[in-house]
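Residues per chain are reported as follows:
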Amino acid sequence: MDPEDIKAATEAAKETLIMRRLVVNPDTPDEWAIKLQPGSITLGRGTENDFPIEHSSVSSSHCRITTSDSGVWLKDLGSTAGTYADGELAEDLKLKPGQLIRLGEVSLRFESNAPQAAPPRARPMTGVSATQRRPIALPQSRANAAPVGFFASMPSALVYPFQGSGVILLVAGTAFFFVLGRLPLLGVIITGYLFSYAKSIIASTAEGRRELPDWPDFSDWKDDILVPYLHMIALVLFAFGPSLLIAAWQSWHGENLRVAFFCALAFGLLLAPMGMLALTMFDSVLALNPIPLIMTAARIPFQYLVAALAFEAGLLLYWFAETAIDKAITVPILPELVSSFLYLYLLAVGMRILGLLYLNYSDRFGWFRPARA
């Protein structure tokens, strides 16, 4: 028999003996396994993934698993709740046998009998430890993170949009939305995409990142545009639906409900930032339940009030500044560009503040609890 044939047969035999798999919900009655073959697979809540995982804490496209001769690599795909390996937030790393992985609140265990080789030098490890960035959905890891004061970090939100490549992102966004804004029937696209980006700013801040995230991909009409747009509509109705109903009732029946209207409006303004946080962390309109949101705000009343006022002060500033810009700048098109840039800047600042609130007080929020061993 030819030596090359013997070698090939030997390698094939070895390959058949190698077992690599991910065990979902390990050591529970709901345990199931994903056999890993050479190539890439995606995990997430969306049905378009190779292996859908139906849980509210798992993002639509959560992570990618790549299996090759060098090992099995895990890469986070910009998930909201984060991807963790042995309790540490990770973006891109090589998995080790027995390693525990967490997608939101869903646990997985990597199992393999393949011989372990040293990782290739050409591919550096880019996983980020919990000492550098704090988790979103795993408050128990906060013990390993250096404390950051919310009030001390608030002023930094003003320069946050200019960190790193932030200016380029803002300028590109200004040009992009200026062009789209001049085209008819694109309101849903612009609004949904902006709302999606606002959520990504909160999520990246809550993970401890210091720079603006990249603009989201526009690859799926439903997940990237329609769902965020519907989330925004749900948030508006949640926060301001009562005041709108009171205003409509007053208009139809001629009753003087001014006090009730302003009380409902103030309540909506106060609760809207917490609703925005809940939509970001849970990625579901079911999170817009006023009772638990009020209870959450009550755990950090002063801090939340400051964050909510700062968040809404940016909206008021833009409202007044837009009129002033139109009057001060007479060059055609330029007022619209300046207003768009200012809007994106204030949007980034406001979402940064909400993300900082969660970053510093996620343990008091208590939205994600550690799973029992």
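Residues numbered from 1 in each chain as written. Predicted model: local features only at pLDDT ≥ 70, side-chain atom pairs only at ≥ 80, totals over all residues. Heavy atoms only, no water.

S.K.: I would appreciate a short explanation of the overall build of the protein chain in the present structure.
M.R.: Scanning the protein chain from terminus to terminus reveals 9 helices and 11 strands. Taking the contacts inside the protein chain whose residues are at least 6 apart along the sequence as the reference set, 61% of them involve residues at least 24 apart. (Helix = DSSP H or I, 4+ residues; strand = E, 2+ residues; numbered from the N terminus. Contact = heavy atoms within 4.5 Å.)

S.K.: Would you mind going over the side chain of Ser 339 with me for this structure?
M.R.: Relative to the elements of secondary structure, Ser 339 occurs in helix H9 (residues 334-365). Given the relative accessible area of 4%, Ser 339 is considered buried. Apart from residues lying up to four places away in sequence, Ser 339 is in contact with Tyr 318, Glu 322 and Ile 325. (Buried < 20%, exposed > 50% of the residue type's maximum accessible area, 1.4 Å probe, protein only.)

S.K.: Mind showing me how you'd approach the pairing of strand E5 (residues 63-68) here?
M.R.: Consecutive residues of a regular strand have side chains that alternate between opposite faces of the sheet. Side chains of E5 alternate between two faces, with Cys 63, Ile 65 and Thr 67 buried and Arg 64, Thr 66 and Ser 68 left unburied. Sheet topology places E5 next to strand E6 (residues 71-76); 6 bridges connect them, and they run antiparallel. Across the sheet, residue Arg 64 finds its bridge partner in E6, namely Lys 75. The loop that links E5 with its antiparallel partner E6 comprises 2 residues. (Pairing = 2+ DSSP bridges.)

S.K.: Would you mind going over helix H6 (residues 258-282) with me for this structure?
M.R.: Counting along an α-helix, one turn takes 3.6 residues, and residues three or four places apart therefore face a common direction. For H6, built from 25 residues, the straight-helix expectation of 36 Å at 1.5 Å per residue is met to within 8% by its first-to-last C-alpha distance of 35 Å. When the local axis directions of H6 are compared, the greatest deviation, roughly 35°, occurs at Ala 272, which is followed within four positions by the proline Pro 273. Immediately downstream of H6, the backbone of Asp 283 shows phi near 55°, a positive value. (Expected span 1.5 Å × (residues − 1). Bend = angle between axes of the 7 residues up to and from the residue.)

S.K.: In this structure, what is going on with the sheet that holds strand E8 (residues 88-89)? I would like to understand it.
M.R.: For sheets, the rule is that strands pair by backbone hydrogen bonds, running either parallel or antiparallel. The 6 strands lie next to each other as E2-E1-E11-E10-E7-E8, forming an open sheet whose pairing is antiparallel. Looking along the sheet, the strands with just one partner apiece sit at the ends: strand E2 (32-35) and E8. Pairing analysis gives 3 bridges linking strand E7 (residues 83-85) to strand E10 (residues 100-103), with the strands arranged antiparallel. Pairing of Tyr 84 across the sheet is with Arg 102, part of E10.

S.K.: Quick question: what am I supposed to make of the side chain of His 231 here?
M.R.: One can find His 231 in helix H5 (residues 221-253). Only 3.2 Å separates the side chain of His 231 from the side chain of Lys 199, close enough to count as a polar contact. Aside from chain neighbours lying at most four places away, what touches His 231 is Phe 195, Lys 199, Leu 279, Asp 283, Ser 284 and Val 285. (Polar contact = N/O pair within 3.5 Å; in protein donor to acceptor, adjacent residues only side chain to side chain.)

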